[in-house]
Structures are given as structure tokens and as C-alpha cells.
Amino acid sequence: METTIRAQIMALAEEKYRQFSASLIPNINNVVGVRLPELRKLARTIAKGDWRTYLAQADSDYFEEVMLQGMVIGCAKADVEEILRHVAAFVPKIDNWSVCDSFCSGLKIASSHKERTWEFIQPYLASDKEYEIRFGVVMLLNYYADEDYIHQVLERLDRIKHEGYYVKMAVAWAVSICFVKLPDITMGYLRGNSLDDFTYNKALQKITESYRVDPGTKALIRSMKRK
């Protein structure tokens, strides 16, 4: 099965897209250049068949092979515990922001099993590994920036202390999403937090880049920047 999957991936590769894609993900060198919509289409096809055997045997030599596995987990139909077992097996394979963020956005099962998934991601938020933390943070911003969870989300974001660039950028992104969705509560957090200066200022920058924030609020946010 896996040889056929690799052949399909290679058949979809585009050299110009490979160059573009590789330039966006500086820490990897195994991109073959397949567009994400094409990979998603392939993932949906695999998920309709014997996806468990595919995941058990899948190769992870190329960026797209890892990305595809994550997409299949997101598409697969099974009970939440089985899916989370596959998630736990997949997270150690994440070594770049692109796989991490695509994987998280595809895990729609979190929307229908919020409490269980919340519990599941807590150890990742407390990890010392850069991409494990990023996985947890991106799950928060995708599924928990809402009235029910906002206070817990901000509290957990404030607790994260890690020097990894992709952790800091994820936390800043998450804070900005919280602000866009629940500005009053998040403004209170911004006025009293323990984020490092880089992450805090990046969060402000991302808020000002949002088209959903009005000009007056953007001016106020800019004035809050730490020197």
C-alpha cells in the first residue's frame, strides 16, 4: 500500500511549488512539493478505506508523507479514544510549524469532544519540547478561544515558559485570536500577564494585523507595546 501512496505523492509533486514551500519552512529539507488541497483529497480517499493499516505502515521520509498521515487521522471515522491514540502516536513526528498547524486544524473531533480533548492536550502544554507545546497551543486557539474556556486558555498560555521561536509565535497567535473573539476579557489579560517581551509584543502586532479589530482599538493596542 505504502509504495502506491508514495508514487501518488510523487506524481502530484510540482518543482516550483516545492521551492516555494521549502522557503516557508526553513528547518526542513525533505519537501517534494505537493499542494495541500491535493494531499487532503488523497487523505479523504485513504480514510474511506483501510486507514488503520495505512497509518501502521506509513513511511515518514518526506514532509508530505508526514503531513498526509496527520490529515488521514483528521478524516478518519472512529471513536474519540481511538483517534486520540493515533494523535498521541503522531505528535512526536511533528518537526515544523506547517505539519503542526495543518494537523491541528484538521482535528475536528475536538469540537464534538471538547472536554476529553482538553484533558488530552494538557500534558503537551506542560511539555519541554518545542513542537509538543506548539501542538497544544494551536489546539487551544483552534477549539477553545470561546466563552466557556477563555479564562483557562489565557491562564495556560501565561504559564508557558519556553525559548523556542515556534512556541513564542504560537502563544502570540493564540493571544491575538483570544482578543479578536473576546476582546474585553483578553484586554484584562494583556494589562496583567507574565509573557516575555517578545511574545507579548508579537501578540500585540498580530492583534493590530487583524481586519476584525477597529482602528481605535488598534491604536490603543500599539500604545501598549513594551519598549
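Before any of the text, the structure's been laid out above.
The rules behind each value
- Residues numbered from 1 in each chain as written.
- Predicted model: local features only at pLDDT ≥ 70, side-chain atom pairs only at ≥ 80, totals over all residues.
- Heavy atoms only, no water.
- Helix = DSSP H or I, 4+ residues; strand = E, 2+ residues; numbered from the N terminus.
- Buried < 20%, exposed > 50% of the residue type's maximum accessible area, 1.4 Å probe, protein only.
- Contact = heavy atoms within 4.5 Å.
- Expected span 1.5 Å × (residues − 1).
- Polar contact = N/O pair within 3.5 Å; in protein donor to acceptor, adjacent residues only side chain to side chain.
- Axes fitted to C-alpha atoms, helices over the stretch in contact; angles between N-to-C directions.
- Parallel < 35°, antiparallel > 145°, perpendicular 65-115°, else oblique.
- Left-handed = near helix turned anticlockwise from the far one by under 90°.
- Salt bridge = Lys/Arg side-chain N within 4 Å of Asp/Glu carboxyl O.

Colleague: Report on the overall build of the protein, specifying residues and quantitative values.
Modeller: When helices and strands are counted, the protein shows 15 helices and zero strands. Considered along the principal axes of its C-alpha atoms, the protein spans approximately 55 × 40 × 30 Å. By the burial criterion, 51% of the 227 residues in the protein qualify as buried. Considering only residue pairs separated by 6 or more positions, the protein has 70% of its internal contacts joining residues 24 or more positions apart.

Colleague: Explain helix H5 (residues 63-75) to me, and be specific about the residues and the numbers.
Modeller: Taking 1.5 Å as the rise per residue, H5 with 13 residues should run 18 Å; its terminal C-alpha atoms sit 19 Å apart, in good agreement. The element H5 is extensively covered by neighbouring structure, given that 11 of its 13 residues are classed as buried. The complete set of buried residues in H5 reads Phe63, Glu64, Glu65, Val66, Met67, Leu68, Gln69, Gly70, Met71, Val72 and Ile73.

Colleague: Which residues make up the side chain of Gln122, and what are the values?
Modeller: Relative to the helices and strands, Gln122 resides in helix H9 (residues 114-125). A distance of 2.8 Å separates a polar atom in the side chain of Gln122 from the backbone oxygen of Trp118.

Colleague: Which residues make up the packing of H5 against helix H6 (residues 80-90), and what values do they have?
Modeller: For any two helices packed against each other, the geometry is given by the interaxial angle and the distance between the axes. Packing of H5 against H6 brings their axes to within 10 Å, and their N-to-C directions diverge by 165°. In terms of their interaxial angle, H5 and H6 are classed as roughly antiparallel. For the pair H5 and H6, the crossing hand works out as left-handed. Here Val66, Gln69, Gly70 and Ile73 of H5 lie close against H6, whose contacting residues are Ile83, His86, Val87 and Phe90.

Colleague: Before we move on, could you go through the environment of Ala174 and cite the residues and values that matter?
Modeller: By the element assignment, Ala174 lies in helix H12 (residues 165-181). In this view, Ala174 contacts Val137, Leu141 and Leu157; residues no more than four positions away in its chain are not counted.

Colleague: Summarise the pattern of salt bridges; cite the residues concerned and give the values.
Modeller: Tallying each qualifying case throughout the model produces 16 salt bridges. With its nearest N and O atoms 3.8 Å apart, the salt bridge here joins Lys41 to Glu38. Here Lys41 pairs with Glu38, and both are found in helix H3 (residues 36-48), just three residues apart, close to one helical turn. Glu38 sits in the partly exposed class, given a relative accessible area of 29%.

Colleague: Describe the environment of Lys93, naming the residues involved and giving the relevant values.
Modeller: With respect to the secondary-structure elements, Lys93 resides in the loop between H6 and helix H7 (97-106). Overall, Lys93 belongs to the partly exposed group, its relative accessible area being 31%. As for Lys93 and Arg35, which are separated by 58 residues in sequence, their C-alpha atoms are 20 Å apart. Sequence-distant contacts of Lys93, that is, excluding residues within four places in its chain, are made with Ser60, Val66 and Gln69.

Read these as layout, nothing more, since geometry by itself doesn't imply function.
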